[in-house]
Amino acid sequence: MAITDIKLVRKRSPEIVYRPPAKEDGADVWRLIQSCEPLDENSLYCNLLQCDHFGDTCIAAERTSDGALVGWVSGYLLPDEDNTLFVWQVAVDQSVQGQGVGKKLLTALLQRDACENVRALKTTITSDNKASWGLFNSLARSRGGELSHEPYFRKDAHFDGKHATEHMVTIAFADDASAGMRGNWVSLRNADEARSDDAA
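Caption draft 1: View of the overall build of the protein. Across its full length, the protein carries six helices and seven strands. In the protein, the succession of helices and strands from N to C terminus is α-β-α-α-β-β-β-α-β-α-β-β-α. Split into buried and exposed, the 200 residues of the protein put 40% on the buried side. Carbon and sulfur atoms form 48% of the exposed surface of the protein, whose accessible area is close to 11,300 Å².

Take a look at the structure:
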C-alpha cells in the first residue's frame with residue numbers, strides 16, 4: 001500500500017470517544033448487542049440497568065460524526081472480590097471492527113477511578129470464539145499480565161446442553177500476580193488451545 005493510500009485510510013477512520021454510559025444509551029446498547037453474533041441477547045431492561053446502576057464499570061464507544069454507539073463493554077466488580085473486574089460482554093459494531101475498538105474500550109475502562117484497585121480481570125469465553133481469545137490475550141500482553149483459563153459453566157451441567165461450555169478466563173496483572181501462581185499461568189496463542197470440557 002502506498003503512503004498516500006495509508007493517509008487516506010487514516011483520514012477516513014472515524015473519531016471515537018470512550019465514555020461512561022447514560023440511561024439513554026440502553027436501547028442503543030440492546031440493538032448493538034443484537035447485531036453482534038454470537039453474543040447472547042439480554043432484555044432491554046437489563047441493558048438499561050447496566051447503563052444506570054453499573055455505569056462506573058461499563059463503557060460506551062461513540063462515533064462523533066453521527067453520535068452512533070459503536071462499541072460497548074459491560075462489567076462489574078465481583079461482590080466478594082472488589083479488586084477483580086468481571087467483563088460480561090464486549091460488543092463492537094461491524095463498521096468499526098479491525099480498528100482496535102474492543103481493546104481501547106477495555107483499556108479506558110481499566111483507567112477509570114472505579115477500577116483503581118483492580119488487580120485482576122475475569123471473563124468467560126467459549127472455546128470457538130477466536131476473536132475474544134485474541135482480544136483478551138492482546139490486553140494481557142499490553143498490560144504485562146498473563147492468561148489462565150478453565151471450564152467454568154459447562155454445557156451439560158449448567159446449560160442443559162443448549163450452549164457451549166464457557167471457560168473462565170483470568171488475567172492477573174503482572175505487578176500483583178504472586179510468584180507462586182505464575183507457574184500455573186498459560187498464555188494462549190489461539191482458541192484451539194482452549195479445549196472445551198463438556199462433561200456434566
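From this point, the discussion proceeds with the structure in view.
Caption draft 2: Region of interest: the sheet that holds strand 2 (residues 59-63). Taken in spatial order, the seven strands line up as 1-2-3-4-5-7-6 in an open sheet, and their pairing is mixed. With partners counted over all chains shown, the strands left at the sheet margins are strand 1 (16-19) and strand 6 (146-153), one partner each. Going across the sheet, the axis of each strand differs from the next one's by a mean of 25°, ignoring polarity. Note that strand 2 and strand 3 (residues 69-78) share four bridges and pair antiparallel. Bridging from a neighbouring strand, Glu-62 pairs with Leu-69 of strand 3. Contacting strand 3 and strand 4 (81-92), helix 2 (residues 26-34) crosses the sheet at an angle of about 100° to strand 3. Contacting strand 1, strand 2, strand 3, strand 4 and strand 5 (120-126), helix 4 (residues 101-110) crosses the sheet at an angle of about 155° to strand 4.

Caption draft 3: Seen up close, the nonpolar core. Of all hydrophobic cores here, the largest spans 27 residues; its most connected members are Leu-85, Leu-121, Phe-136 and Ile-171. Of all the secondary structure elements, the ones that give two or more residues to this core are strand 2, strand 3, strand 4, helix 4, strand 5, helix 5 (130-142) and strand 7 (166-172). When near neighbours in sequence (up to four residues on either side) are disregarded, Ile-171 contacts Arg-119, Ala-120, Leu-121, Phe-136, Leu-139, Ala-140, Gly-145, Glu-146 and Leu-147. With ten residues, the next largest nonpolar core counts Leu-32, Ile-33, Leu-69 and Ala-91 among its residues.

Caption draft 4: Broad picture of helix 2. Listed in full, the buried residues belonging to helix 2 are Gly-26, Val-29, Leu-32 and Ile-33. Mapping the buried residues of helix 2 onto a view down its axis gives an arc of 125°, with all of them on the same face. At its buried positions, helix 2 is contacted by helix 3 (44-53), strand 3 and strand 4.

Caption draft 5: Looking closely at the packing of helix 2 against helix 3. Direction vectors running N to C along helix 2 and helix 3 enclose 125°, while the axes themselves pass 8 Å from each other. Considering the angle they form, helix 2 stands oblique to helix 3. Pair helix 2 / helix 3 crosses with right-handed handedness. Between helix 2 and helix 3, the contacting residues are Gly-26, Ala-27, Val-29, Trp-30 and Ile-33 on the first element and Leu-44, Asn-47, Leu-48 and Cys-51 on the second. Considered class by class, the residues forming the contact of helix 2 with helix 3 number seven nonpolar, two polar and no charged.

Caption draft 6: View of the pairing of strand 4. Here eight bridges tie strand 3 to strand 4, and the two strands are oriented antiparallel to one another. Paired with Tyr-76 across the two strands is Phe-86, which belongs to strand 4. Where strand 3 folds back on strand 4, the antiparallel hairpin that results is connected by two residues. One ladder, built from four bridges, connects strand 4 with strand 5; its direction is parallel.

Caption draft 7: View of the packing of aromatic side chains. For the coordinates displayed, the defined rule picks out three aromatic pairs. Between Tyr-76 and Phe-86 the ring centres are 5.4 Å apart and the planes differ by 35°, which places this aromatic pair in the tilted class. Of the two residues, Tyr-76 is situated in strand 3 and Phe-86 in strand 4; the sequence distance between them amounts to ten residues. Taking 6.3 Å as the distance between ring centres and 70° as the angle between the ring planes, the aromatic pair formed by Phe-153 and Phe-159 counts as edge-to-face. We classify Phe-153 as partly exposed; its relative accessible area is 34%. In this structure Phe-159 comes out as partly exposed when scored by relative accessible area, which is 24%. These aromatic residues form a ring-pair network of at least three members: Tyr-152, Phe-153 and Phe-159.

Cut-offs applied
- Residue numbers run consecutively from 1 along every chain, following the written order of its sequence.
- Given that this is a predicted model, residues contribute local features only at a pLDDT of at least 70 and side-chain atom pairs are listed and counted only at 80 or more, while totals for whole chains, interfaces and linings are drawn from all residues.
- With hydrogens and water excluded, all non-hydrogen atoms of the structure serve as input to the side-chain values.
- Counting from the N terminus, the helices are the DSSP runs of H or I reaching at least four residues and the strands are the DSSP runs of E reaching at least two.
- Remark: exposure states derive from per-residue accessible area (1.4 Å probe, protein chains only) relative to the maximum for the residue type, with buried under 20%, exposed over 50%, and partly exposed in between.
- Shrake-Rupley sampling with a 1.4 Å probe provides the accessible areas, and residues are treated as covered by the protein chains on show and by no other component.
- DSSP calls a pair of strands paired once it identifies at least 2 bridges connecting them.
- Note on definitions: angles span 0 to 180 degrees between N-to-C directions of axes, and those axes are lines fitted to C-alpha atoms, for helices only across the stretch in contact.
- Contacts are residue-level and defined by heavy atoms, with any inter-residue pair within 4.5 Å sufficient.
- To qualify as a nonpolar core, a set must consist of buried Ala, Val, Leu, Ile, Met, Phe, Trp, Tyr and Cys residues joined through side-chain atoms within 4.5 Å.
- Starting at the helix axis, one direction is taken to each C-beta atom, and the arc is that of these directions.
- An angle below 35 degrees is read as roughly parallel, one above 145 as roughly antiparallel, one from 65 to 115 as roughly perpendicular, and any other as oblique.
- In this scheme, a crossing is called left-handed if the near helix is turned counterclockwise away from the far one by less than a right angle; it is called right-handed if the turn is clockwise.
- The nonpolar class holds Ala, Val, Leu, Ile, Met, Phe, Trp, Tyr, Cys and Pro. Asp, Glu, Lys and Arg form the charged class, and all remaining residues, Gly among them, are polar.
- Between rings of Phe, Tyr and Trp, where Trp is taken as its six-membered ring, a pair exists when centres lie within 6.5 Å; planes separated by under 30 degrees are stacked, by over 60 edge-to-face, and by other angles tilted.

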